[in-house]
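# Observations on the model geometry
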Amino acid sequence: MTNKELADLIYPNVSSDVSIYEKKYPERNLKEGAIVTRFAPSPTGFVHMGSLCTAFVSQFVATNSDGVFFLRIEDTDGKRSVENGITGIIKDLNDFEIKIDEGALSETESIGNYGPYIQSDRKEIYESFAKKLIEEGLAYPCFCTAQELDMMREKQEHKKTRIGYYGNWAKCRNLTNEERCEKIKNGEKFILRLKSPGNFERKVILNDLVRGKIEMPENDIDVVLIKSDGLPLYHFAHVIDDHLMRTTHVLRGEEWISSYPIHSQLFSILKFKEPKYGHLGVVMKIDENGGKRKLSKRKDPEAAVSYYHEKGIPIDAVKLYLLTIANSNFEAWLDCNINTPINQFKFDFKKMSESGTLFDVEKLLNISKNYISRLKAVEVYDNLVKYTEEYDKEFNNLIKQYKDYTINILNIEREQKKPRKDYASYSDIKNHIWYMYDEIFNEIKRDYQFQKINNLNEIKSILELYLDKYYSDTDDKELWFDKMKSMCDELGYANNMKDYKENPDNFKGNITDITTVIRVALTTKSITPDLYEIIKLLGKERLKKRFDLIGVE
Ligand code: GLU
């Protein structure tokens, strides 16, 4: 019985003429140097921060080279799929504005000419290539049961020999086609295995984009190509898909490095051109005991991409952070190019971490603070409206009701050379500005943080004197400050720190004690943005009302 007859017996209705696929999915017509990458998750329903980093880098390099970035759903392993798992992934990518050029758009739709982009829809493509390999004697059906394979492994362990289905251990490799035919006709269950032409004594070299040269033994394992459910295993699907989808750069987790000899072998026997590979380090975090561990979906809320959306951390800030951890020279570049769009940054795979990237939320928040501080007040306002629309309806109503007022509040110490850096996220802002709204100020239980001056009579007399004698609607900041100084003189406080430090006993206190009293009376807090601006925005009426509250409750 010939290989062709065996192939026809296994796949009676499949054509092994794979040239139709080569024609259907031609080389992409892109400019020289354009990079084609993909994000290839299983439909687990959510994107882990580590995978998001890979997706982001893949998209970044593809888009910046005028290439293509696509989303392929790898759902051939039922255990890693959940219902509506594609929807969750697409939402996470959308929330992060990681735009795909091609691929799955929903559970059922997709765009692009290189699809289907969901592996379970590509069954006949895999079958066609599998059939071709059977015909060429490079693949064969394996009838070993799980029990037989277990027994084989035990024997290998016992003999302390390499584990796996290879060489003389590969029982079904040496069956004759007649024997195979008989078993199939008897209804015996089987899978398809590669008849590996590799030799474990020889070396294969991976020229990794991130890690440079890695030498490994050739693959001699007869790996599974097609499982008993008719769908391929990762290795076979990866090679066929990335070839037919004309991927130029495969960026994936470092856990796949050891599979490279299998992939390289498959590319070679299928006569496909190998893509470039970059294996990205695992995203780690410092754990409670100071050690490093993998960022965990179960233990770390920040591992889920949805966390950033819920917290209102700006996407662009997260992207800046991802670039910071992805490329060691990005931070320095950003310092010098703060107003340049980040797509001008030249990504360098060699500057990626090999040993695992450390994920540090504190640092991310810091980047976010800097990022938000550089936005215009109107931009912060618009983003805050969007955020609160979803997460704080009440505050949303307030800021919409007092739109211009809110923009003015957000503009305090902004749009200047060294802007104030208070907010790390949109969920933070209310905590910083709530006191500017009477609706909140009057409602909540206020906790006045008076400092050095905490005697009620003294506080009252400072507030009264300020309002009656020194307050004016029309003062500019300089005049306002001069008046504060005069008030200090009148009350026996030093109007500058130098005088106070030289002769503290000559004074009741100093000018900051006085401004602190006014600040706390108006906001309850001892630290706020510029007091002059706060006073100006609140206006005399509200100053009076707030001063009157002191000592009443
Ligand atoms: N589906 C594989 C995974 O989730 C993708 C690896 C790859 O990008 O090739 O790990």
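Structure's up top.
Residues numbered from 1 in each chain as written. Predicted model: local features only at pLDDT ≥ 70, side-chain atom pairs only at ≥ 80, totals over all residues. Heavy atoms only, no water.

## Here's the deal with the site of the ligand
The immediate surroundings of the ligand are formed by Arg-38, Ala-40, Glu-74, Arg-80, Tyr-234, Arg-252 and Trp-256. In the environment of the ligand, an oxygen atom lies 2.7 Å from a nitrogen or oxygen atom belonging to the side chain of Arg-38. Trp-256 places a polar side-chain atom, nitrogen or oxygen, 3.4 Å from an oxygen atom of the ligand. Relative to its unbound accessible surface of 300 Å², the ligand loses 85% to contact with the protein. A per-class count over the shell around the ligand returns 3 nonpolar, no polar and 4 charged. (Near = heavy atom within 4 Å. Polar contact = N/O pair within 3.5 Å; in protein donor to acceptor, adjacent residues only side chain to side chain. Areas by Shrake-Rupley, 256 points an atom, 1.4 Å probe, with all protein chains shown as cover. Nonpolar A, V, L, I, M, F, W, Y, C, P; charged D, E, K, R; others polar.)

## Some remarks on the layout of surface pockets
Taken as a whole, the largest pocket encloses approximately 1300 Å³ of empty space. If you go around the largest pocket, you meet 43 residues; those closest to its centre are Pro-41, Ser-51, Arg-80, Glu-255 and Trp-256. Taken together, the elements giving at least two residues each to the lining of the largest pocket come down to strand 1 (36–39), helix 3 (49–64), helix 8 (234–244), strand 10 (249–253) and helix 11 (315–326). Among the elements that take part in the lining of the largest pocket, helix 3 stands out by supplying 4 residues, more than any other. Counted by class, the lining of the largest pocket contains 19 nonpolar, 13 polar and 11 charged residues. (1 Å grid on protein atoms, 1.4 Å probe; cavity = no way out; pocket = protein on both sides within 12 Å on 5 of 7 lines; lining within 4 Å. Points joined across faces, edges and corners; volume = space filled by probe spheres on them. Helix = DSSP H or I, 4+ residues; strand = E, 2+ residues; numbered from the N terminus.)

## What to know about the pattern of salt bridges
Evaluated as defined, the whole model comprises 41 salt bridges. Between Asp-438 and Arg-546 there is a salt bridge, with its nearest N and O atoms 2.8 Å apart. Pair noted here: Asp-438 is in helix 18 (residues 438–441) and Arg-546 is in helix 23 (residues 531–549), with a separation of 108 residues, a long-range link. Because the salt bridges share partners, they merge into one network encompassing Arg-38, Arg-72, Glu-74, Arg-122, Asp-241 and Asp-242. (Salt bridge = Lys/Arg side-chain N within 4 Å of Asp/Glu carboxyl O.)

## A word on the pairing of strand 12 (residues 283–286)
One ladder, built from 2 bridges, connects strand 12 with strand 14 (residues 357–358); its direction is parallel. Pairing of Val-283 across the sheet is with Thr-357, part of strand 14. Connecting strand 12 to the antiparallel partner strand 13 (residues 292–294) that follows it, the hairpin turn spans 5 residues, and Gly-290 within it adopts a positive phi of roughly 85°. (Pairing = 2+ DSSP bridges.)

## Side note on the sheet that holds strand 6 (residues 191–194)
Judged by pairing direction, the sheet is antiparallel, and its 3 strands sit side by side in the order 5-6-9 without closing on themselves. The open sheet has two edge strands with one neighbour each: strand 5 (139–142) and strand 9 (224–226). Averaged over all pairs of adjacent strands, the angle between their axes in this sheet comes to 45°, without regard to strand direction. Direction of pairing for strand 6 relative to strand 9: antiparallel, over a ladder of 2 bridges. (Axes fitted to C-alpha atoms, helices over the stretch in contact; angles between N-to-C directions.)

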